[in-house]
Amino acid sequence: MTEVERAAGGVLCRRSGDRVEVCLVHRPRYDDWSLPKGKLAGGEEPLAGALREVEEETGAAAVPQLRLPDVDYVLPGGRPKNVAYWLMAAASDGPVRDTAEVDETVWLPLAEAAGRLTYPDERTVLAGVASLPPVTAVIALVRHARAGERKKWAGRDELRPIDPVGAKQADRIAALLTALRPRRLVAATPLRCTQTLEPLAAAVDRPIVRDAAFAEPSGPDGLPARVAAAEARLAELRGFDRAVVCSQGKLMPHLLASLLGETDHRPFKTPKGDGWLLAWSGETLLGASRL
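Let me sum up the structure you'll find in this document. (Residues numbered from 1 in each chain as written. Predicted model: local features only at pLDDT ≥ 70, side-chain atom pairs only at ≥ 80, totals over all residues. Heavy atoms only, no water.)

Turning next to empty space enclosed by the protein. If you walk through the whole model with that rule in mind, you get one cavity of 30 Å³ or more. In this structure, the largest cavity occupies an estimated 80 Å³ of space. Taken together, Val142, Arg172, Ile173, Leu176, Leu177, Gly273, Asp274, Gly275 and Leu291 form the lining of the largest cavity. The element best represented in the lining of the largest cavity is helix α4 (residues 164–177), accounting for four residues. Among the residues making up the lining of the largest cavity, the classes are represented as five nonpolar, two polar and two charged. (1 Å grid on protein atoms, 1.4 Å probe; cavity = no way out; pocket = protein on both sides within 12 Å on 5 of 7 lines; lining within 4 Å. Points joined across faces, edges and corners; volume = space filled by probe spheres on them. Helix = DSSP H or I, 4+ residues; strand = E, 2+ residues; numbered from the N terminus. Nonpolar A, V, L, I, M, F, W, Y, C, P; charged D, E, K, R; others polar.)

Let's shift gears to the sheet that holds strand β8 (residues 137–143). Strand order in the open sheet formed by six strands is β10-β9-β11-β8-β12-β13, and the pairing between neighbours is mixed. Across the chains shown, the open sheet's two edge strands, defined by having one partner strand only, are β10 (208–210) and β13 (284–290). Geometrically, the sheet is characterised by an average inter-axis angle of 20 degrees between neighbouring strands, direction not taken into account. Where strand β9 (residues 184–187) and β10 come together, three bridges link them in parallel fashion. Counterpart to Val186 in the pairing with β10 is Val209. (Pairing = 2+ DSSP bridges. Axes fitted to C-alpha atoms, helices over the stretch in contact; angles between N-to-C directions.)

This next bit is on the pattern of salt bridges. Between side chains of opposite charge, a pair can form as their charged atoms come close. All told, the structure shown has 23 salt bridges when counted by the stated rule. Residues Arg27 and Asp32 are paired through a salt bridge, measuring 2.6 Å at the closest nitrogen-oxygen approach. Glu122 is the partner of Lys37 in a salt bridge, and the nearest nitrogen-oxygen pair spans 2.8 Å. Remark: Glu122 occurs in helix α3 (residues 120–130) and Lys37 occurs in strand β4 (residues 37–39); sequence separation between them is 85 residues. Given a relative accessible area of 9%, Lys37 falls into the buried group. Look at Glu122 and you get buried, because its relative accessible area is 3%. Bridged by salt links that share partners, the residues Arg150, Asp157, Arg160, Arg192 and Glu216 form one connected network. (Salt bridge = Lys/Arg side-chain N within 4 Å of Asp/Glu carboxyl O. Buried < 20%, exposed > 50% of the residue type's maximum accessible area, 1.4 Å probe, protein only.)

Now the structure itself:
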């Protein structure tokens, strides 16, 4: 079976007065106009690859907002290709880094950008963005990093620290979510949740606020009340525009299912050190995508 070539990119947007503009890139090798994108490096997380490619090809650092539908097509020679896209907000300007790939960039209103794009699949992606309400808040919800085994820890469980693998996971979380430029960092009360966010806190120079609303309850009877409390806290955090929350494995699937109006929490089980990117427009949750 032919291996799929994987790539990632972004719909990079900025506001100009009362309109939204999108950045397109011109690639002299193909003489086309496209959304910034590129192949993933070996083992690279798709969002990390998308952020890297967008900055290399446009010169702009980007804030991720919402996972968009993937684009699938077949390359000459028959190899399938998948491109994962994110909606992104431009956070800074700079020169194009990958000048061998891109020789010109342009910022255009959505309708004009759609007309300039060379490929129909990318016009479909842009049409989806045009139909969205504005993103007003983005929150990354992550599960704490690995902290050894509960049964092998002799002390109080809330004091169980992350282990060496967990420390590497915490660094990976920081490397990915620094781009979010969070204004608030919140951790459930166990030590391992705070430790998971410490590298990110150092990178963005923000304190970590501990909040029991994101800690798992002591028993199943307390789960509905804890989910409700966590939802209320997320509503408050939306006022900060961008935030990162570290929670626990017995709460997160139920919280995500409730947020998305789903009755089955099992699809939302999250491995340690992984998480979700949640995007809102006002009180409406636009989407939740795995990180």
